[in-house]
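The chain contents come next:
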There are 2 protein chains.
Amino acid sequence: MSQDSARSRAKRAQIHQGATRVFLAEGFAGATTDAIAKAAGVSKQTLYVYYRSKEQLMVDVLDSLLSRLNRDHAVLESDRPVGSLPELRQTLTDLACEVLEIVAGSDYLALARVIIADAPRVPEIGRLWAQTITSGVRHLVAELLERARDCGVIDVEDVEAATRLFVGGVLTYILPDGIVAVDGPVAAPSRERVERIVDLFLRAITIS
Amino acid sequence: MSQDSARSRAKRAQIHQGATRVFLAEGFAGATTDAIAKAAGVSKQTLYVYYRSKEQLMVDVLDSLLSRLNRDHAVLESDRPVGSLPELRQTLTDLACEVLEIVAGSDYLALARVIIADAPRVPEIGRLWAQTITSGVRHLVAELLERARDCGVIDVEDVEAATRLFVGGVLTYILPDGIVAVDGPVAAPSRERVERIVDLFLRAITIS
DNA sequence: ATCAAACCGTACTGTTCAGTTTGATATGTC
DNA sequence: GACATATCAAACTGAACAGTACGGTTTGAT
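What counts as what
- Residues numbered from 1 in each chain as written.
- Chains lettered and ligands numbered in written order.
- Predicted model: local features only at pLDDT ≥ 70, side-chain atom pairs only at ≥ 80, totals over all residues.
- Heavy atoms only, no water.
- Near = heavy atom within 4 Å.
- Polar contact = N/O pair within 3.5 Å; in protein donor to acceptor, adjacent residues only side chain to side chain.
- Helix = DSSP H or I, 4+ residues; strand = E, 2+ residues; numbered from the N terminus.
- Nonpolar A, V, L, I, M, F, W, Y, C, P; charged D, E, K, R; others polar.
- Contact = heavy atoms within 4.5 Å.
- Buried area = accessible area lost by both parts, 1.4 Å probe.
- Salt bridge = Lys/Arg side-chain N within 4 Å of Asp/Glu carboxyl O.
- Axes fitted to C-alpha atoms, helices over the stretch in contact; angles between N-to-C directions.
- Parallel < 35°, antiparallel > 145°, perpendicular 65-115°, else oblique.
- Left-handed = near helix turned anticlockwise from the far one by under 90°.

Within the structure, DNA strand C sits among 19 residues, and A:Thr33, A:Lys44, A:Gln45, A:Lys54 and B:Thr46 are positioned closest to it. The protein-proximal atoms of DNA strand C, defined as those within 4 Å of the protein, are 62% sugar or phosphate. Separating a phosphate oxygen of DNA strand C from a backbone N or O atom of A:Ala31 is a distance of 3.3 Å. A distance of 3.0 Å is found between a phosphate oxygen of DNA strand C and a backbone nitrogen or oxygen belonging to B:Ser43. Residue assignment for the surface near DNA strand C shows that the elements contributing at least two residues are helix H3 (44-50) of chain A together with helix H1 (6-30) and helix H3 (44-50) of chain B. Broken down by class, the residue content of the surface near DNA strand C amounts to five nonpolar, nine polar and five charged.

Counting residues at the interface gives 43 residues for chain A and 43 residues for chain B. Of the roughly 3600 Å² buried between chain A and chain B on both sides combined, carbon and sulfur atoms contribute 62%. Connecting chain A to chain B are eight salt bridges. A salt bridge links A:Glu157 to B:Arg203; the shortest N-O distance between them is 3.9 Å. There are 14 residue pairs in polar contact (both at pLDDT 80 or more) connecting chain A and chain B. Of all elements in the fold, only helix H6 (106-117), helix H7 (123-150), helix H8 (159-171), helix H9 (177-180) and helix H10 (191-205) of chain A reach the threshold of two or more residues within the side of chain A that touches chain B.

A word on the packing of helix H4 (residues 54-75) of chain B against helix H6 (residues 106-117) of chain B. Residue and element names in this part refer to chain B. Where H4 contacts H6, the axes come no closer than 11 Å and their chain directions differ by 135°. Judged by the angle between their axes, H4 and H6 are oblique. Our pair here, H4 against H6, has a crossing hand that is left-handed. Residues Met58, Leu62, Leu65, Leu66, Arg68 and Leu69 of H4 lie in contact with H6, whose contacting residues are Asp107, Tyr108, Leu111, Val114 and Ile115. Grouping the constituent residues of the contact of H4 with H6 by class yields nine nonpolar, no polar and two charged.

Here it is in structure tokens:
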């Protein structure tokens, strides 16, 4: 049972994929094992060959989704120019737009819904999630700001506060409305609107 | 059945109260009607005399909680002084601390969890909730900023962006971590930390 | 005291659903 | 072809749970 052959790896992936779809759409309680089996194109029996229980299956699915989240964040981590104020402005705007694009993507909010709903059931996953999305983006912004400060481009005494201000301000374009928007995907704001909040933020940190 | 006597009003309130406790703690799916009846100190039968179904009971409970949310926001709406920069600083700090106090209060996050989890089931409630917490605080801050601008204390061309920046920045002290913090209440940040973000924000909007 | 309405506790019904069993069918290996 | 392994479909089991039925008890008004 559940050998490590190419065949079983394929079946496992198939189940994993179907379960991901159903869990994201219906949540843990709403997802029936029958629906998962059907979505995966697999008999319910086979499902229990590869996973001990529905709960373990969901934990596995959530783990993968969190890993993907980390990869999505890693993509943002290219070294970005912050050597001058126009460069920093461009960099912050690009970053904000990319983050909003990720957050507005359908899976991101669906995952958040599922994790929040099941936080009482699997608190470790909840903590891991919060830490992922927190340290992911915030850390990146903090690093940018520190580099810009070291270049003498900006003047901030409290990088942490500045980071919070920026990230929080940007995310209000999606949250909290997006998290309860079930029908249809959420629209990310236009680059123009993002630029306006970036400019405002820049006034707070430029050398006076 | 279910007359409008003092007695039945009391029983209804009793059921409502017990159901509120259980729904906030367990969510819709997790709350059994037996548990609700027990928490309310009422027989399950009586529960169904006053409410047609578990779903209707939850809708009623959520409605009340949203009303309370509105009242909580209304408390913040006292006219606050913004006639000078120190006054505005004090006002924004006070307001931010009060908002954080409300959000960190146990019921606020529990309600958010329940509503987010059940957004697919009752989307109207979800929309109502998002609108409530959005327009509640943001509107208030926007009005403060406009008044301060009219007094010539600050210089903002885009009040909406400034409002988003401020409210979003402040809320990062609770979210997203608080929403998945099941064990124990969430700690609001110290006034000092709030002051630091207020000062940063003020730099963005003061006349240069 | 009497009566009716409200209420209680318990047990029941019907349904949903996770997980299992069964017995048949496909797949690949020798 | 024979044999083992993986998979399938479908029926089954047991538990949880929303909602109901019922017989007994409290409450309050007259």
